[in-house]
Each structure stands twice: as C-alpha cells, then as structure tokens.
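# Structural overview
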Amino acid sequence: MEMRVICALMRRARQATFDAMEHWTELRTALMLARHGTVSAAADALGVHRATVNRHVETLEVVFGAPLFQRHARGYTLTDTGRDMLDVAGRADEMFADLAGRSRGQAGRLSGSLVVTALAGVAPIVMPAVRDFHFEHPEIELEFRAGAELARLEHGEAHVAIRAGPKPQEPDYVVTLFRRLRFGLYASRGYIARAGQPDPERLEEHRFVGSVGAPSPLPFAGWMEANVPPSALALRSTDQAVLHAGVCAGLGLGFLAEHDATDSTDLVPVIPPGDAWTVDLWAVTHVDLHRTSKVQAFLAVLKSSNHGDCRSRRQASTVPPIVQAVAATKPR
C-alpha cells in the first residue's frame, strides 16, 4: 500500500512538472518574483504590469494545486511547493540562457552570474582561478559564498561548489578531484630557538598546540591521539585559525597545511607533509548546469590553476588556513 502511494505521488509530481513547463512564461514570472521578493520589482525586471505578475502566479498555483508563495507585508516568500518548482525553473532558465547565447555565436562573451561556494579557508586556493576567470570573462557577475553549510546545488544555491573531505555521493552531482592537500607537523623558529630542534623520533619533551580526546575529521587527529598526552598541550583549541597563530607565535608544535606553512619563512617542518595526512578538495556541479558554457569555462580555468604554484600567486594574508575549512565541514 505504501509503495503504491509513493508511486502515485511520483506520477503526480511528474505530471505537474510537465503541465508547468507548458506555462514557461508564467514560470519565469514566478522565478523573477522569487528572486526579487515583490511584485513591483518582478514587474520592473520583466517589463510588464504588476497585474500580469499576479495573473501568472495565480495560473501556476491552479496548475500545481497549491500556493507557491506566502504573502506578507514585506513581499513574497516561497512555500515548499514553490521552492521545489522554482528550483527546476531556475536551472531551466540558466540552460535556456546558455543555449540562446551559443545560438547567437556568443560563447566567447559569457554573461550573467556565476556563484562559487566553498569554506572560507579554501578561498586562497580557489582565488587564482576566480581571478583568471574574471579576466577572461569580465561580463560575468562573480559571487563567492563562504560558509560551513554545504550549498544545495539541486536548489540552485550555487553553480560550482568546492568541498573538502570524502567524495560527495549525491546522484545528480558531477564531481571531479580539484586538489589533494597535504599536512605536516611544524614549529616556528622562535620555538626552536627556545626548546631546540625537535627530533621526530623523540617528541615527548616538546609542547603542542591542538586538540586530543575529541572526535575530529582532520587526517592527523589519530597521530595526535596516539602521540600527544593532554599534559603536553601548551594551547588547547579546536579553532584552527587560533592554532595556526599559536604555532607561529612559538607556543608549540602543530599541524598545518603544506601551502599555508610554506608561505611563512618562520615555520620549519618537524615531520614534512606526506600522503598519510591528506584531504581531498572536490569541484562539484549539478548535472543540469554542468554543461552550460559558463560552468564549463570556470571548470577549465579551475583545472588549469591546479597545476600552478599557488604560493607564487599569493601574498601573505590573515586568511584562516585550509585546515580550518576541513575542520568546519558539516556532513549533510
């Protein structure tokens, strides 16, 4: 009985989507209303009268048999039904715009917007590609959304996501390996001047910054648990920006990403970065938008930037190290 109900609901959803696509003009109006939030702003963006916007939304709500928006004093917000429908409409709008551009022979002059999402600590690695893409396609409006929450590409929250950790397994995602990051154990020259050059085989007399005794997704967490007693921690913290600063300040030894550590002439590897302590970065797109011209163009630039030396294209900054990004990853 339960399976029959599920199948019936799926057939109803497919039929509703088919019916809605017969009303593409109304769908695009609803999409503009969702993006702008008010009838007046949507009407201005489309060049139509406000009554037209209201009529198109009412038509769609009849087709779907449910309200698409909640009306309130400040404008319109999507209902669950509206959000599901407009996720599809947004991707369709992107693909139609891409097709129109190619049919006019404008593939070399991309326009529109491109949203890239990643954790803040990944920004220094991705930014050379963002810069090169901007120089090649200055008409594209670029946005970089940084945060620990994973963007839902199926909901159109981003065109390209850079994710750290295990390979994403969502069935509608196209996933390619962007870069593999290695970590090593480092000490500052100030710490070495005070405590002596650490011997990797005899670290029991040295102090550390980091965390032990708590679950961690970081690849070196097991080594810390096995080799560092809590009493050896000069600074206990799970905030990787704080730990990076603690190593640089000479409080103790700590694990840093290779590219973050080698940017500083004051840091010395105690145990050099190796394949045992690595984290993968993945470039992720949704299958519906993966083949659009602007996404393909960005992925090509991203791939080519992976072969260069990131350090030669970066200035020293206070951006938190990549290890903070990995620690902040929240599985979904």
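These lines cover the structure that appears in this document, whether it is placed above or below. (Residues numbered from 1 in each chain as written. Predicted model: local features only at pLDDT ≥ 70, side-chain atom pairs only at ≥ 80, totals over all residues. Heavy atoms only, no water.)

### Thoughts on the overall build of the protein
The condition that has to hold: Starting at the N terminus, helices and strands are each numbered in turn, a helix being any DSSP run of H or I of at least four residues and a strand any DSSP run of E of at least two. Residue burial is assigned from relative accessible area. The probe radius is 1.4 Å, only protein chains are included, and a residue is buried under 20% of its type maximum, exposed over 50%, and partly exposed in between. Every residue pair with non-hydrogen atoms within 4.5 Å of one another is taken to be in contact. What sets the accessible areas is the Shrake-Rupley method with a 1.4 Å probe; for residues, cover comes only from the shown protein chains.
Per the secondary structure count, the protein includes 12 helices and 10 strands. The proportion of buried residues among the 332 residues of the protein is 44%. For the protein, long-range pairs separated by at least 24 residues make up 75% of all intrachain contacts whose partners lie at least 6 apart in sequence. Counting every atom, the protein has about 17,500 Å² of accessible surface; 53% of that belongs to carbon and sulfur.

### Focus on the pattern of salt bridges
So the rule is basically this: Salt bridge criterion: a side-chain nitrogen from Lys or Arg within 4 Å of a carboxyl oxygen from Asp or Glu.
Under the defined criterion, the tally for this structure stands at 5 salt bridges. A salt bridge links Asp132 to Arg131; the shortest N-O distance between them is 3.0 Å. With its nearest N and O atoms 2.6 Å apart, the salt bridge here joins Asp280 to Arg180. Residue Asp280 is located in strand 10 (residues 267-286), and its partner Arg180 is located in strand 6 (residues 173-188); the two are separated by 100 residues in the primary sequence. Given a relative accessible area of 16%, Asp280 falls into the buried group. The class of Arg180 is partly exposed, set by a relative accessible area of 48%.

### Quick look at a negative patch on the surface
As a reminder of what qualifies: By definition, no residue in a patch forms a salt bridge, and every one has over 30% relative accessible area; like charges are joined within 9 Å, nonpolar side chains (Val, Leu, Ile, Met, Phe, Trp, Tyr) within 5 Å. Charged-residue counts in this description rest on Lys and Arg as positive and Asp and Glu as negative, His and the chain ends being excluded. Note on charges: their place is set at NZ of Lys, CZ of Arg, CG of Asp or CD of Glu.
Taken together, the side chains of Asp199, Glu201, Glu204 and Glu205 present a region of like negative charge at the surface. On the accessibility criterion, Asp199 (36% relative accessible area) is partly exposed.

### Quick word on the nonpolar core
Applicable threshold: In this text, buried Ala, Val, Leu, Ile, Met, Phe, Trp, Tyr and Cys residues form a nonpolar core when linked through side-chain atoms within 4.5 Å.
Counting residues in hydrophobic clusters, the biggest one holds 47 residues, and the most contacted among them are Val126, Ile162, Leu185, Phe208, Trp223, Phe298 and Leu302. Element by element, the count of residues in this core is highest for strand 10, at 7 residues. Not counting chain neighbours up to four residues away, the residues in contact with Phe208 comprise Leu185, Leu203, Trp223, Val228, Ala232, Leu233, Ala234, Leu235, Gly252 and Leu253. Listed in part, the 16 residues of the second largest apolar core include Val39, Val53, Phe64 and Tyr76.

### Brief notes about the pairing of strand 1 (residues 69-72)
As a general feature of sheets, a regular strand has side chains that alternate between the two faces. Applicable threshold: In this scheme, strands are said to pair when DSSP sees at least two bridges between them.
With 4 bridges connecting them, strand 1 and strand 2 (residues 75-78) associate as antiparallel partners. For His72, the partnering residue across the bridge sits in strand 2 and is Gly75.

### Things to note about the environment of Thr117
Defined as follows: Polar contact is defined as a pair of N or O atoms within 3.5 Å, subject to the rule that within protein one atom must be able to donate a hydrogen and the other to accept it, and that residues adjacent in sequence are counted only when both atoms are side-chain atoms.
Mapped onto the elements, Thr117 comes out in strand 3 (residues 112-118). With relative accessibility at 9%, the residue Thr117 sits in the buried group. The spacing of Thr117 and Glu149 is 32 residues in sequence and 9.7 Å in space, taken between C-alpha atoms. The residues contacting Thr117, other than those within four sequence positions of it, are Arg145, Ala151, Ala158, Val160, Ala161 and Ile162. In terms of polar contacts, Thr117 uses its side chain to reach the backbone carbonyl oxygen of Arg145, at 3.1 Å.

### Some thoughts on empty space enclosed by the protein
This is how the line gets drawn: Definitions used for this entry: grid spacing 1 Å over protein atoms alone; cavity, a set of points where a 1.4 Å probe fits but cannot get out; pocket, an open set with protein on both sides within 12 Å along at least 5 of 7 lines; lining residue, one with an atom within 4 Å of a point. Grid points are joined across faces, edges and corners, and a volume is the space filled by probe spheres set on the points.
Overall, the coordinates contain 1 cavity of 30 Å³ or more when judged by the stated rule. For the largest cavity, the calculated volume is near 90 Å³. If you trace the largest cavity, you find 13 residues lining it, with Ala118, Leu119, Leu150, Ile162 and Arg163 closest to the centre. Every element with two or more residues in the lining of the largest cavity is listed here: strand 3 and strand 5 (160-164).

### A word on the pairing of strand 4 (residues 140-146)
Going by this rule: We call a crossover right-handed when, viewed with both strands directed away from the observer, the connection leading from the first strand over the helix to the second proceeds clockwise.
In this sheet, strand 4 lies alongside strand 3 in parallel orientation, the contact comprising 7 bridges. The partner of Ser113 across the bridge, within strand 4, is Glu141. Read from strand 3 through helix 6 (residues 123-136) to strand 4, the crossover connection turns out right-handed.

### A short note on the sheet that holds strand 5
Applied cut-off: Fitted lines through C-alpha atoms give the axes, limited to the stretch in contact for helices. The angle between two N-to-C directions lies from 0 to 180 degrees.
Read from one edge of the open sheet, 6 strands run 4-3-5-10-6-9, paired in mixed fashion. Looking at the sheet topology across the chains shown, the edges are occupied by strand 4 and strand 9 (254-257). Direction aside, the axes of adjacent strands within the sheet are offset by 25° on average. Relative to strand 5, strand 3 is paired through 2 bridges, and the arrangement is parallel. Opposite Thr117, over in strand 5, you have Ala161 as the bridge partner. Where helix 6 meets the sheet, it contacts strand 3, strand 4, strand 5, strand 6 and strand 10, and its direction lies at approximately 175° from that of strand 4.

### Let's talk about the packing of helix 6 against helix 11 (residues 293-305)
This is how it is decided: Angles below 35 degrees are treated as roughly parallel, those above 145 as roughly antiparallel, those between 65 and 115 as roughly perpendicular, and all remaining angles as oblique. Left-handed describes a crossing whose near helix is turned anticlockwise from the far helix through less than a right angle; right-handed describes the clockwise counterpart. When residues are grouped by polarity, Ala, Val, Leu, Ile, Met, Phe, Trp, Tyr, Cys and Pro land in nonpolar, Asp, Glu, Lys and Arg in charged, and all others, Gly among them, in polar.
Orientation of helix 6 relative to helix 11, taken along the N-to-C sense of each, is 130°, at an axis distance of 9 Å. The orientation of helix 6 with respect to helix 11, classified from their angle, is oblique. Judged by the twist between their axes, the crossing of helix 6 over helix 11 is right-handed. Across the interface between the two elements, Val126, Ala129, Val130, Asp132, Phe133 and Glu136 of helix 6 pack against Lys294, Ala297, Phe298, Val301, Leu302 and Ser305 of helix 11. Among the residues forming the contact of helix 6 with helix 11, the class breakdown is 8 nonpolar, 1 polar and 3 charged.

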